[in-house]
Each structure stands twice: as structure tokens, then as C-alpha cells.
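# Observations on the three-dimensional arrangement
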Amino acid sequence: MVGPEDIIERVRAYQPAADSDLIRRAYAYASAAHEGQKRKSGDPYFVHPASVAGIITDLRLDTASVCAGLLHDVVEDTLATTRDIEREFGGEIATLVDGVTKLSKINFTSKEDRQAENFRKMVVAMARDIRVLLVKLCDRVDNMRTLEHMKPEAQERIARETMEIYAPLANRLGMQGFKSELEDLSFRWLEPDGYAEVSAGVAKTQRERDRYIEGVCKTLAGRLAEQGFAADVTGRAKHLYSIWRKMKASQLSVEQIYDLIAFRVLVESVGDCYASLGVVHSKWTPVPGRFKDYIALPKPNMYQSLHTTVMGPGRERIEIQIRTHEMHRVAERGIAAHWKYKERNGGGIADQDASRFEWLRQLMEWQRDMKDPAEFLEGVKVDLFQDEVYVFTPKGDVKVFPRGATPVDFAYQIHSQLGNQITGARVNGKLEPLRYKLRNGDVVEVVTSGTQQPSKDWLEFVATTGARAKIRNFLRQEQRDKSLKLGRELLEREFGKASISLNKFLKNEHEVRNVMEVLRVGNTDELFISIGYGKIDPQEVVAVVAPPSHDGRESVPPDSIREGKLAGFVKKIMGRDDGGIRLNGIDDVLVRYAKCCNPLPGDDILGFITRGRGVTIHRRGCPKAFDTDPERRVEIQWDTKAKINRAVQLRVVTANRPGILAHVGQTFSAQGINISEANCRAGDDGRAVNMFTFLCQDLTQLKSVMKALQKVTGVVLVERG
């Protein structure tokens with residue numbers, strides 16, 4: 001276990017004035033709080049916080065961050081409170097601990113909602129203080145290093161969350177060391193067969209590769225020294241997950257993969273970088289199209305380097321990265337390398353570097369715009385994983401977008417109004433449609449019209465979460481306005497049948513207040529909108545304003561009508577009255593399964609109340625579900641006793657070669673599945689795209705089929721249609 005004096009010595013190495021006593025007190029406090037607690041491995045629990053603090057010192061963060069690492073699990077796992085931490089260690093450390101602590105006491109409707117909301121709150125915290133995320137990443141790195149002691153289902157869940165969220169966040173923060181390690185650790189548990197294959201393949205060629213690296217390093221260092229450059233030259237095998245991705249993309253074995261080795265040249269200045277590139281290209285022939293200049297055009301995460309691929313000794317492709325020592329420091333530690341220490345106020349990111357993390361402010365905007373936490377989480381995943389495209393405004397300003405972005409994304413990044421009114425764009429002087437995919441180096445000028453409005457069709461091709469959120473907000477507001485108008489018209493018509501004047505009703509404060517209380521709506525606009533959406537039947541309003549006489553039918557009690565006719569009707573039929581609906585069979589009158597995502601028993605699902613048509617069921621991650629109004633969504637669950645066979649589609653991409661379809665068909669048959677429809681199309685790239693439709697019982701059966709298909713030689717990709 002890392003001791004307190006070890007931690008203090010590490011911190012003092014880069015922050016000589018660090019408060020040693022504060023670190024000792026935090027160490028002792030956390031150690032005492034976790035006394036008697038054990039990890040899954042059987043080790044004392046405090047081994048984990050101490051290790052996290054050690055990782056934080058590797059990033060060279062300040063004293064408050066180190067203390068937060070020691071204390072980060074105290075509030076969650078012991079009797080101590082955030083107020084106790086603040087009293088003992090001050091507001092700064094308490095705020096960091098509070099930001100990192102898991103929000104386990106918040107009661108969300110499902111595990112997925114809970115995860116999404118947890119992430120949303122982490123985004124808010126890290127936008128206020130980036131150290132929250134840095135401590136959280138250190139926590140995740142240590143947890144991933146000891147994942148072998150967890151149960152298999154926990155290993156897969158934690159590894160998937162790491163691969164989908166934390167590794168991309170590390171990449172966005174420019175922390176290449178963390179990114180690579182988190183990807184490799186996640187890869188081990190998510191694809192154990194693939195991990196074993198790549199590990200064995202890399203180990204098999206270890207000795208030969210080491211000799212090759214030594215030879216290239218010696219040759220390159222000597223050549224640079226002859227030209228007067230003081231350069232450090234190193235070589236290494238690329239990390240396992242990047243090799244695996246190349247294998248899957250090209251359908252090759254480890255032995256067949258080119259450029260498994262990357263070489264790094266560290267020099268003194270930017271001028272030396274470009275001069276060294278010339279030396280490299282004079283020695284070995286460069287591969288066309290494989291040169292990238294991230295010095296002149298840095299990545300958004302501050303990464304700078306020259307990348308080139310050349311035909312090295314033995315006609316082997318090798319990648320060479322050339323950068324300064326400072327660039328290398330930033331590449332490994334990212335934002336942590338830009339931490340500036342201030343003796344009085346702790347520390348912070350230097351003003352000149354803060355602009356490079358504009359994406360953090362974008363995350364803040366998205367989480368404000370998106371009502372649904374799952375929608376926010378899905379959008380963040382998409383944005384974090386995308387490769388970047390660099391385009392220019394007419395004034396020459398650089399804008400960065402995910403690959404696949406369009407002029408609509410460009411317009412919304414400039415201003416919401418510009419996005420709402422875009423009709424096209426002049427790209428490099430030529431008029432292009434809204435669906436045009438932006439390319440590196442494009443100069444984009446937006447063309448607008450005062451009569452233009454966002455269309456639902458735009459959601460099919462925009463690539464950024466920001467643009468998607470603004471389009472959805474506009475469409476929802478438009479739908480809200482339409483529902484308000486429709487609801488007023490419907491109520492006025494129903495009032496007319498009962499000889500009630502709508503205008504007189506609206507002027508009668510007592511009657512309006514009575515209806516608001518009984519139907520649980522805040523104001524008349526909300527009443528009209530609820531009627532327009534179908535959540536309240538106008539007859540319910542009539543029953544409150546003009547209840548039946550004593551000699552007629554009985555009056556309806558207010559409690560039984562407060563939720564609206566449609567929602568009450570659905571609950572009554574489904575036999576649920578606790579805020580959710582449990583599907584206990586198939587009834588196409590009340591329950592419809594969305595064709596856009598074909599939900600299966602076992603899928604996490606979401607319901608959407610459709611006026612006059614019951615509840616439509618979507619998979620929770622379905623983009624079409626996110627397009628629906630959050631106010632009309634209902635939480636639903638599958639009945640575990642239900643026996644439902646649903647038609648599903650699988651998209652299987654294969655190498656285009658004889659016999660491959662027969663193997664795929666045999667795999668389906670071996671799983672006891674009969675293909676009802678197949679659509680196969682060969683492409684010009686040597687691959688074939690096959691869509692298979694078949695009946696499936698549940699998600700477990702589908703996963704089993706997909707796993708079996710992925711093992712078929714020649715299968716490149718398997719995904720749900």
C-alpha cells in the first residue's frame with residue numbers, strides 16, 4: 001500500500017510548497033473511516049483510495065486533488081458526511097469529494113436512468129471544476145486494474161461503461177496514457193477471446209519485434225545526430241485494443257496487420273520537428289496519404305505531433321510520430337499538464353488553455369437543453385467517439401466537428417437562429433445541400449431564409465448532439481403550440497355541447513382554480529396542452545365545471561380523474577397503478593411495438609402514450625424514442641412470465657467470398673432459429689451486407705445468436721437492424 005510519506009514526497013517533487021500536514025490528516029482520516037472494510041480481493045478497502053491518490057500524483061495535480069482521492073469514498077461507504085469533510089478539510093476538498101462521490105442515494109426509475117443522471121451530474125460538477133473528472137478517472141483506472149475480483153456480470157457492466165464513457169473522456173482531455181490503458185483493460189473483459197488472440201500474437205513476435213525496434217531506433221537516432229539534431233528515439237508495439245480494431249476492420253490476423261509498431265521522436269523545437277520529418281522521408285519512402293500535421297492544426301484536446309507512415313527496413317510499414325518534449329508531456333497528461341499552481345487560490349487551468357475545452361461548456365448546454373438523462377448520455381457517447389473534421393468560417397476561424405457533420409451542424413454551432421433558418425451552404429464557393437458531409441479544409445458559408453424552420457428530417461443526418469438538441473427543442477415547442485391551440489378548440493367544442501361559455505369560464509377565477517386543483521394542472525395553458533396531447537379528456541373538465549345532478553349519475557371523485565383519461569385507461573387495463581406498466585401479453589389495441597427498434601423481452605424499454613392508440617413501446621436507446629415528448633413517456637417493464645416471439649433484424653457484414661452465407665445460415669440453424677427473410681447485397685469493397693429477419697424470444701437468445709455469428713470466420717460486423 002502507498003504510505004502517506006510516499007505520497008507527500010511525490011507531491012513535493014512538483015509542488016514544493018504543498019501542505020504536507022493536510023495530506024497526512026486526510027490519509028489518517030480515510031484510513032480510520034474505512035477500518036474493517038474489505039475489497040472483493042480480500043485486501044483492506046483503504047488500499048484503493050491510497051492507490052487512487054498515488055495515480056493522482058502521477059498526474060502532478062494539487063494537494064486538494066490528492067486529498068480528494070484519499071477521501072473520495074468516505075461519504076459513500078462510511079458514516080462520514082460531506083459536512084464532516086468540509087469541517088475537517090475545508091470547502092474546496094469537500095466540493096471535490098462531493099463531485100466524485102457516487103449518487104447512490106438518489107432513487108431513479110431504472111439502473112440506466114440512474115447511470116445517465118449520475119453522468120449528467122458529473123458533467124455539471126466537472127464543468128465547474130475539472131479536477132472532479134480527473135480524480136474520477138484516477139478512481140476508474142484503479143478499479144479497472146483490479147476488476148478480476150468482481151463477478152462476471154459486474155466486469156462486463158463496468159468495462160462497457162469504461163469503454164463507452166471514461167476512455168473517450170480521457171481522450172477528450174488529451175490523456176493518451178489513460179485512454180490506452182482504459183481501452184486495453186476494458187477490451188480484456190468485453191472481448192476475452194479477442195484479447196487472448198491479440199495478446200498471444202503480440203507475445204509470439206516479441207523477441208523479433210524488440211530486435212526490429214532496436215535496429216530502427218539506432219538507425220534513426222544516428223541519422224538525426226548526423227544532421228545535428230538532439231533527438232530521443234523510442235519504439236513500442238501499439239496497444240492491444242487498437243490492434244484488435246484494425247484486425248476487425250480489415251479481417252486480418254495479428255500476423256497480417258501492418259504498422260504494429262509506432263516510433264516516437266522527441267526534439268527540442270517546432271522547427272526541429274519539421275526538419276526531422278525531412279530526415280525521415282529522405283531515409284525511408286513515405287506512404288501516400290498517411291501524413292498528418294497536428295502541430296499546425298492541433299486536435300481539440302491540445303494534442304500536437306507530426307504523424308507519418310513510411311516503408312521501413314524489410315519493407316515493413318512503420319508509423320513515426322515527431323514532437324517536442326513539451327508536446328509529449330501534454331500528449332501523455334493532457335489537461336493535467338496545463339495545471340497552473342497558485343499558492344493562495346489552489347490552482348486552475350491557465351486562461352489561454354481554457355478555450356481549448358469549449359466542449360465542456362457544450363456539455364453543460366446540452367444537459368440544460370435535454371430533459372431526458374438517457375438522451376443526454378446517448379448524445380455524449382456519440383460525440384465523444386467521433387473523429388474530428390476541421391472546417392473554416394469565411395473569416396478563417398477553425399471549427400471542429402465530428403466526422404459526418406453537415407452544414408446544419410456548422411450553423412447551429414455558430415448560433416441557434418442561424419441553424420433554425422439555414423437553407424443550404426456555400427462550401428468552397430459552391431452551393432451544397434443540407435445533407436452535405438463536411439470535409440477537412442472546407443470553407444463554409446451558411447445560406448438562410450427568414451421563412452425556413454427546422455424539419456424533423458434534419459434529425460436523420462445531423463451529427464452533433466448540440467444541433468440535435470436544438471432541433472428537438474424547436475420541434476417540441478412547435479408541437480406544444482399546436483397542442484395548446486388544439487386543446488383550446490376541443491375544450492371549447494365540449495363546453496359548447498354543455499352550454500358553457502369558454503370565455504366566461506376563463507374569466508371566473510373560482511371555477512378555473514377549482515379545475516386546476518382537481519385535474520392537477522398549473523395553469524390554463526397547461527390544461528389546453530394536456531387536452532391537445534390527449535392526457536386529459538375535455539369531458540373531465542366539463543364534469544368538474546358542471547357535475548352531474550344528484551338524481552342522475554354519481555359524480556366522479558377528483559382523485560380518480562386527476563391523471564387524465566388515456567393514462568388512467570391504460571393503467572386500468574394493464575392492472576398497474578404504481579407509475580409503471582407491466583406488459584403481460586400482446587394486445588395490439590393497447591400496446592404497439594415500434595418498428596424502428598423492434599423491442600424484445602429483456603430490452604430496456606420506454607412507453608409513449610399515443611392519443612387514441614394506447615402505448616407505443618420503444619427500446620430506451622432508440623433515437624425515435626428521444627424524438628417523443630418527455631411529458632408523454634411512461635415507465636414500463638416486461639412481465640417475466642410473458643412468452644412473446646418478436647420479429648427482429650440483424651445486419652451482418654461479411655467478406656464477399658464463396659460459402660460464407662452457408663456458414664452464417666448454419667449458425668442460425670444451430671441456434672434453433674429459422675430465418676424468415678434475407679436480403680443480401682455485395683459491395684465494391686469486397687464485403688457483403690446481409691439483413692436477416694427472424695422470430696426471437698428474448699434478448700438473451702438474440703445475444704447468443706450475435707455472439708455465435710461474430711465467431712464465424714469472415715464476419716466483420718453483427719448489429720441489430
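This structure is a prediction, so every number in the text was calculated from the model and none was measured.

### A closer look at the overall build of the chain
- Counting its secondary structure elements, the chain contains 30 helices and 22 strands.
- By the burial criterion, 49% of the 721 residues in the chain qualify as buried.
- The contacts of the chain with a sequence gap of at least 6 include a subset with a gap of at least 24, amounting to 65%.
- Accessible surface, the chain as shown: approximately 35,700 Å² in total, 48% of it carbon and sulfur.

### Topic: the environment of S250
- Relative to the helices and strands, S250 is located in helix 14 (residues 240–250).
- The exposure class assigned to S250 is partly exposed, which follows from its relative accessible area of 36%.
- Sequence separation between S250 and A655 is 405 residues, and the spatial gap between their C-alpha atoms is 9.5 Å.
- When near neighbours in sequence (up to four residues on either side) are disregarded, S250 contacts I257 and R687.

### Observations concerning the sheet that holds strand 12 (residues 430–432)
- Here three strands make up an open sheet; going across it, the order is 12-11-13 and the pairing antiparallel. Either end of the sheet is taken by a strand with one partner, and the two such strands are strand 12 and strand 13 (444–448). Strand-to-strand twist in this sheet, taken as the mean axis angle between neighbours without regard to direction, amounts to 35 degrees.
- One ladder, built from three bridges, connects strand 11 (residues 422–427) with strand 12; its direction is antiparallel. From the neighbouring strand, A425 faces strand 12, where its bridge partner is E432.
- Packed on one face of the sheet, helix 20 (residues 407–414) meets strand 11 and strand 13 and runs near 105 degrees to strand 11.

### Observations concerning helix 24 (residues 509–519)
- Of all the positions in helix 24, only V512, V515, M516, V518 and L519 are classed as buried.
- Of the residues one or two after helix 24, R520 is the one with positive phi, at around 60 degrees.

### Comments concerning a negative patch on the surface
- Judged by side-chain charge, E191, D193, E197 and E255 come together as a negatively charged surface patch.
- Residue placement: E255 occurs in the loop between helix 14 and strand 2 (261–267).
- Here E255 falls in the exposed class, since its relative accessible area comes to 54%.

### Some words on the packing of helix 9 (residues 131–145) against helix 11 (residues 176–190)
- Close contact between helix 9 and helix 11 brings their axes to 10 Å; oriented N to C, the two are set at 35 degrees. In terms of crossing hand, the pair formed by helix 9 and helix 11 is left-handed. The segment helix 9 lies against helix 11, with L137, C138, R140, V141, M144 and R145 engaging F178, E181, L182, L185, S186 and W189.
- Split into classes, the residues belonging to the contact of helix 9 with helix 11 amount to eight nonpolar, one polar and three charged.

### Section: the confidence of the model for the chain
- Looking at the chain, pLDDT values average 80 and 80% of them are 70 or higher.
- Of the regions scoring below 50 in pLDDT, residues 103–110 engages in 14 contacts with residues more than four places distant in sequence or in other chains.
- Low pLDDT, under 50, characterises residues 583–589; the stretch is placed with 15 contacts to residues that sit more than four places away or in other chains.

### Observations concerning the side chain of R131
- By secondary structure assignment, the location of R131 is in helix 9.
- At 2.7 Å, the side chain of R131 and the side chain of E92 are in polar contact.

### Notes on the packing of aromatic side chains
- Tallying each qualifying case throughout the model produces nine aromatic pairs.
- Arranged with centres 5.5 Å apart and planes meeting at 70 degrees, the rings of F187 and Y195 form a pair that is edge-to-face.
- An aromatic cluster of at least three residues, connected via ring pairs, comprises F187, Y195, Y241 and W244.

### Looking at the nonpolar core
- Residues I7, L71, I85, I93, L137 and F178 are the most contacted members of the largest nonpolar core, which totals 71 residues.
- Apart from the residues lying within four places of it in its own chain, the contact partners of I85 are Y29, L71, V74, V75, G90, I93, A94 and V97.

### What about the environment of A200?
- Relative to the helices and strands, A200 resides in helix 12 (residues 192–204).
- The spatial distance from the C-alpha of A200 to the C-alpha of V254 is 9.2 Å, given a sequence separation of 54 residues.

### Details of the pattern of salt bridges
- In the structure shown here, the tally under the stated rule is 15 salt bridges.
- A salt bridge links R131 to E92; the shortest N-O distance between them is 2.7 Å. Of the two residues, R131 sits in helix 9 while E92 sits in helix 7 (residues 91–100), which places them 39 residues apart along the sequence.
- Among the residues examined, E92 registers a relative accessible area of 36% and is labelled partly exposed.
- The partner of R651 in a salt bridge is E719, with the nearest N and O atoms 2.8 Å apart. Residue R651 is located in strand 19 (residues 646–655), and its partner E719 is located in strand 22 (residues 715–720); the two are separated by 68 residues in the primary sequence.
- What makes R651 partly exposed here is its relative accessible area of 26%.
- The network of salt bridges with common partners includes D62, E92 and R131.

Cut-offs used in this document
- Here the residue index of a chain counts from 1 through its sequence in written order.
- Selection of residues for local features in this predicted model requires a pLDDT of at least 70, selection of side-chain atom pairs for listing and counting requires 80 or more, and totals for whole chains, interfaces and linings are taken over all residues.
- To obtain the side-chain values, all non-hydrogen atoms of the structure were included, while hydrogens and water were left out.
- Segments assigned H or I by DSSP are reported as helices when at least four residues long, segments assigned E as strands when at least two residues long, and all are numbered from the N terminus.
- Exposure categories follow from relative accessible area, calculated using a 1.4 Å probe and restricted to protein chains: below 20% of the type maximum is buried, above 50% is exposed, and the middle band is partly exposed.
- Any two residues whose heavy atoms approach within 4.5 Å at even a single point are treated as in contact.
- Only the protein chains shown count as cover for residues, and all accessible areas are computed by the Shrake-Rupley method using a 1.4 Å probe.
- Whether two strands pair comes down to DSSP finding at least two bridges between them.
- Think of each axis as a best-fit line through the C-alpha atoms, taken over the contacting stretch in the case of a helix, with angles from 0 to 180 degrees between the N-to-C directions.
- What goes into a patch is any residue over 30% in relative accessible area without a salt bridge, connected to like charges within 9 Å or, for nonpolar side chains (Val, Leu, Ile, Met, Phe, Trp, Tyr), within 5 Å.
- Whenever a carboxyl oxygen of Asp or Glu lies within 4 Å of a side-chain nitrogen of Lys or Arg, that contact is scored as a salt bridge.
- In summary, the charge assignment counts Lys and Arg as positive and Asp and Glu as negative, without counting His or the chain termini.
- Charge placement uses NZ in Lys and CZ in Arg. For Asp and Glu, CG and CD serve respectively.
- Crossing handedness is defined as follows: a turn of the near helix away from the far one that is anticlockwise and smaller than a right angle gives a left-handed crossing, while the clockwise case is right-handed.
- The classification used treats Ala, Val, Leu, Ile, Met, Phe, Trp, Tyr, Cys and Pro as nonpolar, Asp, Glu, Lys and Arg as charged, and all other residues, Gly among them, as polar.
- What pLDDT reports is the predictor's confidence in each residue, on a scale of 0 through 100.
- Polar contacts, as counted here, are pairs of nitrogen or oxygen atoms within 3.5 Å of one another; within protein the pair requires one atom able to donate a hydrogen and one able to accept it, and residues that are adjacent in sequence qualify only if both atoms are side-chain atoms.
- Between rings of Phe, Tyr and Trp, where Trp is taken as its six-membered ring, a pair exists when centres lie within 6.5 Å; planes separated by under 30 degrees are stacked, by over 60 edge-to-face, and by other angles tilted.
- Nonpolar cores were defined as sets of buried Ala, Val, Leu, Ile, Met, Phe, Trp, Tyr and Cys residues, with membership established by side-chain atoms within 4.5 Å.

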